[in-house]
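Each chain is listed here by its residues.
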Amino acid sequence: MVTARQNDILNLIIDMFTQIREPVGSKALQASIDSSSATIRNDMAKLEKMGFLEKAHTSSGRLPSRAGFQYFVQHSLSLDNIDDQDVYQVIKAFDYEAFGLEDIFRTASQLLADLTGYTSVILDVAPKHQRLTHFDVVQLSNHDALAVMMLDDAKPVTVQFAIPKHFLAKDLETLKTLVNERFLGKAVLDIHYKLLTEVPQIIHKYFTITENMMGLFDYIFQGLFRETILISGKVNALNYADLGTYQFLDDEVKVAMEMRSSLSEEEPTTIQVADSSEPALADLTVIRHQFLIPYRGFALLSVIGPIEMDYRRMMSLINILSRVLALKLADYYRYLSSNHYEVH
């Protein structure tokens with residue numbers, strides 16, 4: 001069992017090691033621990049025996065072990081930590097007019113990767129939690145058209161497509177009618193199910209010629225079922241992991257699935273210290289933090305880095321960034337849904 005003093009010693013060693021990246025000796029702890037150097041050394045030896053510290057080969061100091069970091073994260077780390085020194089940098093980075101959701105996500109993802117030297121991943125609200133709230137078709141020429149969709153009254157999606165050769169003049173309007181009757185207001189997963197089951201059975205009621213119609217539907221709606229994912233700092237992975245991790249980060253579908261695994265609605269923040277079933281992440285730390293996108297739901301902000309990261313600062317950056325993101329996105333969506341004057 002870890003005593004209160006031993007817990008303080010472990011916390012101090014982790015805090016100091018993550019700052020100086022050197023073994024920590026008993027003398028360095030005396031200013032913060034009200035005990036003799038001999039007592040501190042004795043407790044350090046006990047922590048080493050428990051597996052929470054490792055002895056450095058080149059000095060008498062100790063290093064936190066993998067188990068030590070795991071214990072620290074589980075028992076001592078405050079998930080609400082905020083460092084005022086990080087606030088200004090984050091707010092300054094968002095002092096611009098955003099032109100789209102991915103523009104905001106890209107800023108956040110790149111900023112976190114730059115400030116930490118690690119890899120950041122941002123995922124939009126899960127597709128299964130989004131609903132189709134608007135659909136229209138705009139004919140661009142005699143040969144192509146644009147499907148204009150809106151998810152959750154907030155996220156626009158556009159798909160340009162070639163008008164099938166057999167289409168009649170009225171068929172674009174019929175396409176719009178079918179979608180609005182069958183899909184509007186439905187969750188994305190329900191739309192996916194309807195495309196597989198319902199639409200093939202009723203499509204002949206809407207169109208005289210149905211050849212390749214299901215292919216057109218699949219083409220228009222396939223983007224709704226994909227994750228919106230922003231990954232920054234892939235190259236950083238080569239500094240704290242091996243090539244396998246870098247290659248894993250190149251597979252966005254796999255990354256998205258892994259980041260969404262182990263999530264809990266009761267715990268907005270989860271930290272895995274060398275505890276991932278994914279081989280490319282097995283010896284790393286993965287922090288996942290769910291944050292609110294006003295009017296839409298919860299998105300996901302993740303950081304992938306080494307076990308010996310500075311967890312206190314990492315939680316500070318994640319907390320600040322998620323709060324600034326929520327404010328920035330609230331302003332963005334409020335602007336989209338409001339009436340405003342056009343400048344001519």
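Per chain, residue numbering runs from 1 following the sequence as it is written. In keeping with the model being predicted, local features are shown solely for residues with a pLDDT of at least 70 and side-chain atom pairs are shown and tallied solely at 80 or more, while totals for entire chains, interfaces and linings include all residues. Side-chain descriptors were evaluated using all non-hydrogen atoms of the structure, hydrogens and water having been removed beforehand.

> Describe the packing of helix H1 (residues 4-20) against helix H4 (residues 66-75), and please don't skip the residues or the numbers.
Helix axes are fitted to C-alpha atoms over the stretch in contact, other axes to C-alpha atoms as well, and angles between N-to-C directions run from 0 to 180 degrees. Only DSSP runs of H or I with at least four residues qualify as helices, and only runs of E with at least two residues qualify as strands; both kinds are numbered from the N terminus onward. One can describe the packing of H1 onto H4 by two numbers: an axis separation of 10 Å at closest approach and a directional angle of 110°. One finds that H1 runs roughly perpendicular with respect to H4. Where H1 abuts H4, its residues Asn7, Leu10, Asn11, Ile14, Asp15, Phe17 and Thr18 lie against Gly68, Phe69, Tyr71 and Phe72. Residue composition of the contact of H1 with H4, grouped by class: six nonpolar, four polar and one charged. Under this scheme an angle from 65 to 115 degrees is roughly perpendicular, one under 35 degrees roughly parallel, and one over 145 degrees roughly antiparallel; angles in between are oblique. Contact between two residues is taken to exist if any of their heavy atoms lie within 4.5 Å; hydrogens are not considered. When residue character is reported, Ala, Val, Leu, Ile, Met, Phe, Trp, Tyr, Cys and Pro are called nonpolar, Asp, Glu, Lys and Arg charged, and the others, Gly included, polar.

> I'd like to hear about a nonpolar patch on the surface, residue by residue, with values.
Nonpolar side chains (Val, Leu, Ile, Met, Phe, Trp, Tyr) within 5 Å and like charges within 9 Å form the patches, drawn only from residues with over 30% relative accessible area and no salt bridge. For the area figures, the Shrake-Rupley method with a 1.4 Å probe applies, and any residue is considered shielded solely by the protein chains shown. The salt bridge criterion pairs a side-chain nitrogen of Lys or Arg with a carboxyl oxygen of Asp or Glu, the two atoms within 4 Å. On the surface, Val235, Leu238 and Leu243 cluster together into a nonpolar patch covering about 290 Å² of accessible area. By secondary structure assignment, the location of Leu238 is in helix H11 (residues 237-240).

> Now, about the nonpolar core: what can you tell me, with residues and values included?
Soluble, globular proteins show a tendency: their nonpolar side chains are buried together. Core analysis: the biggest nonpolar cluster contains 73 residues, and Phe94, Met259, Ile304, Tyr311, Leu321 and Leu329 have the highest contact counts within it. Sequence-distant contacts of Tyr311, that is, excluding residues within four places in its chain, are made with Phe69, Phe72, Val73, Leu77, Ile271, Val273, Thr285, Ile287 and Pro306. The nonpolar core is taken to be a set of buried Ala, Val, Leu, Ile, Met, Phe, Trp, Tyr and Cys residues, with the residues joined through side-chain atoms within 4.5 Å. Exposed residues in this analysis have more than 50% of their type's maximum accessible area, buried residues have under 20%, and partly exposed residues fall in between, with area computed by a 1.4 Å probe over protein chains only. The next biggest cluster of nonpolar side chains, apart from the first, holds 31 residues, and it includes Leu132, Ala147, Met149 and Phe161.

> Please give an account of the pattern of salt bridges that cites residues and values.
Counted according to the given criterion, the structure contains 17 salt bridges. When the shortest N-O distance is used, the salt bridge between Arg5 and Asp43 registers 2.5 Å. Note that Arg5 is positioned in helix H1 and Asp43 in helix H3 (residues 37-49), a separation of 38 residues in sequence. Using a relative accessible area of 2% as the deciding quantity, one classes Asp43 as buried. One salt bridge connects Glu198 with Lys194, and the closest N-O pair in it is separated by 2.9 Å. Because the salt bridges share partners, they merge into one network encompassing Asp124, Asp152, Lys155 and Arg296.

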